[in-house]
Structures are given as C-alpha cells and as structure tokens.
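Letter by letter, the chains look like this.
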Amino acid sequence: MSTLESFLDALHQGVFQVVVPKSAVERLGPDWKRSAINVPSPETIASYRKGQYHAHETESEYRVHMDRYDPEKNPIMHLVDDAPLALMLHETMETVFVTGKDATRRDPLQRLADQRTSWKFRMGLGIVLVAIGATLLLTAFYGTLSFFAVTLPALVLILGLIAITKGVRQRNRKEHADKDIIRGSIVAVAGVALFIFWKLYLILILLVLAVWLFSSAVVTLLRAVRERRNVTKGVWYTFGLGVSSLVLGILAIILPGGLVRLLIFLLAGVVLMAGAFMVLDAYGLRNAARLMGVGGVSR
C-alpha cells in the first residue's frame with residue numbers, strides 16, 4: 001500500500017477533489033497534522049492538513065482537496081480565499097441538513113448496538129438545541145443588540161466561571177487545576193469587559209466582517225472572470241460565492257444591524273436544524289431500545 005500523497009497528482013491538474021479509499025492507504029505520514037478548525041463537511045470524522053493539502057476522513061475514505069493558501073503560513077489569505085464567510089455559511093447548513101437527514105435514515109437498531117447511545121441523552125440535548133435556536137430566532141427578530149450587550153457577554157462569563165469551578169474541584173491535580181483557574185479567570189474577565197465595552201467590540205466585529213467579506217468578494221469574482229475555464233468548483237458557483245460575499249459586505253457598511261440580524265438568523269436556523277434532527281434521531285433510538293428490550297443504553 002502507498003501513502004496518501006501518491007494519489008494526489010490529479011489535484012495539480014485542475015481536479016478539485018480526490019477520493020482515496022482507506023484500504024489503499026498504508027499511512028498518512030508524519031507531516032500530516034490533525035486540523036481542529038474546518039469548514040464543516042458531511043460525513044467527516046476527522047480532518048488533516050499538509051501544507052496546501054486538506055484531507056477529510058470519513059469511515060471508508062479520504063477526500064482530499066488543495067487549498068490555495070497554507071493556513072499555517074498565510075492564515076489571512078486562507079480565510080479570504082479558501083474559506084470565505086459565504087462558503088462557510090453555505091457548507092455549514094448543508095452539512096447539518098445532510099448529516100442529520102442521514103442519521104435519521106440509518107438503521108436505529110444497528111446504531112444503538114454499535115454506538116451504545118442513550119436516546120434520553122440525545123433527546124435532552126436535541127431539546128436544548130431547539131430551545132437555543134428558538135431563543136436566537138427571537139433575538140434576531142426582537143433583540144439583536146441585546147445579544148451582544150447581554151447574551152454573549154453572559155455566555156463568556158459563564159464559561160469562565162465553569163472553568164474556574166472545574167479547577168477548584170480538581171485541586172488534587174494541581175497543574176491542570178491551576179491552568180483551568182487561570183484560563184477561566186481570563187475568560188471571566190473578558191466576559192465582564194464585553195458587558196462594559198459591548199458597543200466597541202460590536203463595531204470591531206462589523207469592521208472585521210466588512211474587510212473579510214469585501215476581500216473575499218474581490219478575490220473570488222476576479223478568479224471567476226480570469227480563470228473561468230479552470231475554476232475547479234465551476235464558474236457559476238464561484239461567481240455566486242463572490243456576489244454573496246459582496247452583498248454581505250455592502251450590508252456590513254450600509255445596514256450593519258441587518259447583517260447582524262441575518263447572521264443570527266442563519267445561526268438560529270443551523271441550531272434549530274441540528275436540534276430537530278437530534279430529537280428525531282433520539283425518537284428512533286428510543287423505539288429501537290424498546291425493541292431490544294432496554295429502556296436506554298449508555299456508554
């Protein structure tokens with residue numbers, strides 16, 4: 001068997017993605033690094049990078065594409081060119097929908113046996129996600145500013161307090177406990193600062209979004225025009241991404257409240273879809289658990 005790199009020559013010939021069965025790959029090699037932050041992709045269980053190569057691992061194969069910029073060497077251009085906000089929004093919603101739809105279609109008896117998942121836990125988590133999504137939806141319609149003035153700072157402060165509490169409760173593991181307390185304190189202080197300076201950080205967020213969106217629009221539209229015959233994702237798809245980035249960038253300048261409301265609305269949609277699919281999935285697992293003669297299975 002060969003290394004993954006030996007199958008990637010087509011990426012240099014204009015092919016957008018190469019699919020390699022796991023059975024054909026002996027090893028990834030030491031230069032591949034696991035990537036913690038990625039644009040969501042359906043069926044992905046892990047993601048790896050090697051320079052411009054980006055591999056998504058599924059249960060049976062590696063799906064590899066090549067970014068124009070290595071995020072370690074040029075993170076700003078990677079965000080502008082390889083991961084524009086419009087693309088991230090589109091693929092996140094697509095991934096949640098496809099993943100959730102596939103999960104509800106899979107055999108719940110087999111999944112219950114394989115995963116040993118508690119349907120009660122998934123049902124509870126799904127209900128919580130639906131509640132969060134509904135809250136975000138109400139925020140988008142009736143209280144956009146309150147999200148930045150109260151909700152977001154409160155969430156940051158709570159996360160900090162949770163980390164501090166975790167550190168205090170694990171005093172017997174001094175090194176880890178001290179790190180948790182320090183990190184938690186920093187996050188908690190950041191939460192308090194967000195309460196005080198929420199207008200300032202909201203302006204900074206909008207400024208960063210505007211620069212990101214306009215930069216992505218320029219780069220993407222120029223590619224659609226100059227390289228229309230060689231654009232790997234198709235000229236119309238690329239052109240649509242560029243126009244979407246341009247529209248969002250204009251909104252950030254002339255109607256910032258509308259852009260913020262739109263982003264919160266989209267986030268609410270993603271969370272609601274994830275919660276709804278999880279509830280449906282849990283319902284299927286509950287029926288499967290009853291058929292197998294158990295009331296709920298835990299890990």
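Residues numbered from 1 in each chain as written. Predicted model: local features only at pLDDT ≥ 70, side-chain atom pairs only at ≥ 80, totals over all residues. Heavy atoms only, no water.

**Student:** Sorry, what's going on with the overall build of the chain here?
**Tutor:** In terms of regular secondary structure, the chain is built from nine helices and seven strands. The long-range fraction of contacts in the chain, counting pairs at least 24 apart against all pairs at least 6 apart in sequence, stands at 64%. Put simply, the chain shows about 17,700 Å² of open surface, and 65% of that area lies on carbon and sulfur atoms. (Helix = DSSP H or I, 4+ residues; strand = E, 2+ residues; numbered from the N terminus. Contact = heavy atoms within 4.5 Å. Areas by Shrake-Rupley, 256 points an atom, 1.4 Å probe, with all protein chains shown as cover.)

**Student:** Could you clarify how one ought to interpret the layout of surface pockets in this entry?
**Tutor:** Over the atoms rolls a probe the size of a water molecule, and in doing so it shows where empty space is left. Its boundaries defined by the atoms lining it, the largest pocket holds a volume of some 1,100 Å³. Considering the residues around the largest pocket, the lining is formed by 45 residues, among which Phe 16, His 65, Asp 67, Asp 82 and Lys 233 are closest to the centre. Counting residues per element, the ones that place at least two in the lining of the largest pocket are β6 (53-57), β7 (61-66), α1 (75-82), α2 (85-105), α7 (198-226) and α8 (235-254). With six residues, α2 is the single largest residue contributor to the lining of the largest pocket. Of the residues belonging to the lining of the largest pocket, the class tally is 18 nonpolar, 16 polar and 11 charged. (1 Å grid on protein atoms, 1.4 Å probe; cavity = no way out; pocket = protein on both sides within 12 Å on 5 of 7 lines; lining within 4 Å. Points joined across faces, edges and corners; volume = space filled by probe spheres on them. Nonpolar A, V, L, I, M, F, W, Y, C, P; charged D, E, K, R; others polar.)

**Student:** Help me understand the packing of α7 against α8 in this model?
**Tutor:** Each pair of packed helices can be described by the angle between their axes along with the distance between the axes. Close contact between α7 and α8 brings their axes to 8 Å; oriented N to C, the two are set at 150°. One finds that α7 runs roughly antiparallel with respect to α8. Crossing of α7 against α8: the hand is left-handed. (Axes fitted to C-alpha atoms, helices over the stretch in contact; angles between N-to-C directions. Parallel < 35°, antiparallel > 145°, perpendicular 65-115°, else oblique. Left-handed = near helix turned anticlockwise from the far one by under 90°.)

**Student:** Would you mind showing me how to read the side chain of Ser 216 here?
**Tutor:** Structurally, Ser 216 can be placed in helix α7. The exposure class of Ser 216 is buried, given its relative accessible area of 1%. At 2.8 Å, the side chain of Ser 216 forms a polar contact with the backbone oxygen of Val 80. Discounting residues that sit within four places of it in the chain, Ser 216 has contacts with Leu 79, Val 80, Pro 84 and Ser 245. (Buried < 20%, exposed > 50% of the residue type's maximum accessible area, 1.4 Å probe, protein only. Polar contact = N/O pair within 3.5 Å; in protein donor to acceptor, adjacent residues only side chain to side chain.)

**Student:** Looking at this model, I keep getting lost on a nonpolar patch on the surface. Mind explaining?
**Tutor:** A cluster of nonpolar side chains, Val 150, Val 192, Phe 195, Ile 196, Phe 197, Leu 200, Leu 204, Leu 207 and Val 211, forms an exposed patch at the surface whose accessible area comes to about 850 Å². Every element with two or more residues in the nonpolar patch is listed here: α6 (174-196) and α7. The dominant element in the nonpolar patch, judged by the number of residues it contributes, is α7, at four residues. In this fold, Leu 204 is placed in helix α7. The class of Leu 204 is partly exposed, set by a relative accessible area of 47%. (Patch = residues over 30% accessible without salt bridge, like charges linked within 9 Å, V, L, I, M, F, W, Y side chains within 5 Å. Salt bridge = Lys/Arg side-chain N within 4 Å of Asp/Glu carboxyl O.)

**Student:** So what exactly am I meant to see when it comes to the sheet that holds β6 here?
**Tutor:** Taken in spatial order, the five strands line up as β2-β7-β6-β5-β4 in an open sheet, and their pairing is antiparallel. Of all the strands in the sheet, the pair left with one neighbour each is β2 (17-21) and β4 (33-34). As paired elements, β2 and β7 share five bridges and run antiparallel to each other. For Val 20, the partnering residue across the bridge sits in β7 and is Tyr 62. (Pairing = 2+ DSSP bridges.)

**Student:** What's the story with the packing of α1 against α7 in this structure? I'm lost.
**Tutor:** The N-to-C vectors of α1 and α7 enclose an angle of 60°; their axes lie 8 Å apart at closest approach. Contact residues: α1 offers Leu 79, Val 80 and Asp 81, while α7 offers Trp 212, Ser 215, Ser 216, Val 219 and Arg 223. Residue classes in the contact of α1 with α7 are distributed as four nonpolar, two polar and two charged.

**Student:** For this particular structure, what's the right way to read the environment of Phe 197?
**Tutor:** Following the sequence through the fold, Phe 197 ends up in the loop between α6 and α7. Once the C-alpha coordinates of Phe 197 and Ala 149 are considered, the two residues, 48 residues apart in sequence, prove to be 8.6 Å apart.

**Student:** I tried to follow the packing of aromatic side chains on my own but got confused; where do I start?
**Tutor:** The geometry of an aromatic ring pair is captured by the separation of the ring centres together with the interplanar angle, meaning the angle of the planes. The tally for this structure, following the rule as stated, stands at four aromatic pairs. A ring pair is formed by Phe 141 and Phe 265, whose centres lie 6.1 Å apart and whose planes are at 80°; its orientation type is edge-to-face. Within this pair, whereas Phe 141 is found in helix α4 (residues 119-142), its partner Phe 265 is found in helix α9 (residues 256-291), the two being separated by 124 residues in sequence. Classification of Phe 141 as exposed rests on a relative accessible area of 52%. Ring geometry for Phe 148 and Tyr 201: centres 6.3 Å apart, planes at 55°, overall tilted. With Phe 148 in helix α5 (residues 144-169) and Tyr 201 in helix α7, this residue pair connects regions lying 53 residues apart in the sequence. No difference in accessibility class separates Phe 148 from Tyr 201, as the two residues are buried. Above the ring of Tyr 62, the side-chain terminus of Lys 22 is found at 6.0 Å from the ring centroid. (Phe/Tyr/Trp six-rings, centres within 6.5 Å; stacked < 30°, edge-to-face > 60°. Lys NZ or Arg CZ within 6 Å of the ring centre and 35° of its normal.)

**Student:** Would you mind showing me how to read the side chain of His 56 here?
**Tutor:** Take His 56: it is sitting in strand β6. A polar side-chain atom of His 56 sits 3.5 Å from a polar atom in the side chain of Thr 44. When near neighbours in sequence (up to four residues on either side) are disregarded, His 56 contacts Val 39, Ser 41, Thr 44, Ala 46, Ser 47, Glu 61, Tyr 62, Arg 63 and His 65.

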